[in-house]
Amino acid sequence: MEQRNKILILNCGSSSVKYALFTKSEKQLTKGIISHVGEKGKTHHHAIQEILKQLLQKKYLHSYNEICAVGHRVVHGKDSTQSSIINKKILKKIKEASVLAPLHNPHNLEGISAIQKILPKIPNIAVFDTAFHTTIPEVAATYGIPQKVSKKYHIKRYGFHGISYQYICEERKKEQGKIPSRLIVCHLGNGSSITAIKNGKSVETSMGFTPMEGLLMGTRAGDIDVGAVFHIAKMQNECRSIDHLLNFESGLKGIAGTNDMRILWKKYFKNKNAKLAIDIYCHRLQKYIGAYTAILGGIDTIVFTAGIGENCPWIREKSCQGLEFLGIQLDKEKNWKNKAKISRGKVNVLVMKTNEEKMIAREVSRLV
Ligand code: AMP
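So, here's what we can say about the structure. (Residues numbered from 1 in each chain as written. Predicted model: local features only at pLDDT ≥ 70, side-chain atom pairs only at ≥ 80, totals over all residues. Heavy atoms only, no water.)

1. Thoughts on unusual backbone geometry
Logical step 1: With a phi close to 70 degrees, Glu26 is a non-glycine residue in the positive phi region.
Logical step 2: Mapped onto the elements, Glu26 comes out in the loop between strand 2 (17-23) and strand 3 (28-34).
Logical step 3: The backbone of His154 sits at a positive phi, close to 55 degrees, despite the residue not being glycine.
Logical step 4: Summarising the element assignment, His154 is placed in the loop between helix 5 (147-153) and helix 6 (162-176). (Helix = DSSP H or I, 4+ residues; strand = E, 2+ residues; numbered from the N terminus.)

2. Observations regarding helix 2 (residues 88-96)
Logical step 1: Of all the residues in helix 2, the buried ones are Ile90, Leu91 and Ile94. All buried residues of helix 2 project into a common sector of 100 degrees when viewed along the axis, lining one side. Along helix 2, the residues that are exposed and aim more than 90 degrees away from the buried face are Lys88, Lys89, Lys92 and Lys95.
Logical step 2: As for helix 2, its buried residues are in contact with strand 4 (67-74), strand 5 (84-85), helix 3 (105-118) and strand 6 (124-128).
Logical step 3: Measuring from the backbone nitrogen of Lys89 back to the side-chain oxygen at the start of helix 2 gives 3.1 Å, which picks out Asn87 as the cap. (Buried < 20%, exposed > 50% of the residue type's maximum accessible area, 1.4 Å probe, protein only. Arc of directions from axis to C-beta. Contact = heavy atoms within 4.5 Å. Polar contact = N/O pair within 3.5 Å; in protein donor to acceptor, adjacent residues only side chain to side chain.)

3. Regarding the pattern of salt bridges
Side chains that carry opposite charge are capable of pairing whenever their charged atoms lie near each other.
Logical step 1: Under the counting rule described, the total for this entry stands at 22 salt bridges.
Logical step 2: For the salt bridge of Lys78 with Glu96, the shortest nitrogen-to-oxygen distance reads 3.5 Å. Highlighted residues: Lys78 in the loop between strand 4 and strand 5 and Glu96 in helix 2, separated in sequence by 18 residues.
Logical step 3: On the accessibility criterion, Lys78 (15% relative accessible area) is buried.
Logical step 4: One network of salt bridges, in which partners are shared, links Glu26, Glu170, Glu171, Lys174, Arg362, Glu363 and Arg366. (Salt bridge = Lys/Arg side-chain N within 4 Å of Asp/Glu carboxyl O.)

No statement about biological role is implied by the geometric values presented.
Below you can see the structure in the form of structure tokens.
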């Protein structure tokens, strides 16, 4: 009989299902993506059936009995502080949080429901992107609106990318023996955020009630005066399209026509908008690094991670330029070679590969 020692990871989005297969000892066997979900009648259920079929065909699995559990990336867990085995109570919580993350949680739920139907005996684990940030103090999480309103509608700063931040913290602990007490992590991907971590706990993060707040991103505006949003609404005489404008048509793409940092950098010295987009990106990032250094009362380590953080030395160089007074001093050569440690000053500046799937597999292993 086969051993039940494999963990399937599912990340269900609006138009795709990303997956990965791990062993219980955290070895990644494969990963991939099924696209075009929602098109031509293709549901999450179909996509997951296709994933399982492929895993068998390619012999990553000999039988479904080898799967000991399925880990789901769930974007919003409301006040959930940790990963949980999915039962009726947890499902209710994820459903309740759908109103707070309408672009994400409903698709996560579709994935959970599909796999529960296909493999009814296998436990499912929810790993929340918000859980890492439940330690953020009230003073940083509360918006300046009437408390009556924030309580009624659960309006507060939740923060996202928590699975990535937790992974970076655990890797630092493995490598250094402890998490640096004043740590800033910049998760710079198509969605970008930055988090201040004190003694291993998130104390501030740039994304807020939704992933829209904070840094300039691939297609999201990041910080914007809500007055400007109302002005656009008034001028356009409607509101619906503004959500789309700020989420999908803004950021690097809105300023320079593409959210691919590689293309933007190639154009940096000849195209005014490409230069402006990169300069705004770095300016905003630097502003947050400074602010979070103040929140932490100094800084020991700064980590750059995700697609841009791991691969774009120009972003790291520009955003750290002028921060020597904080002890942040880059070693230019090491930075341009994407080395793991890229600093010469008293603050450690590190480039680390994040691995959200591995973090989910680790959480699953802990729970089953
Ligand atoms: P992510 O969401 O983490 O996949 O990151 C996507 C962003 O990272 C996009 O802006 C990409 O252009 C950028 N990116 C990914 N790989 C590279 C690379 N090798 N060199 C430069 N930029 C990259």
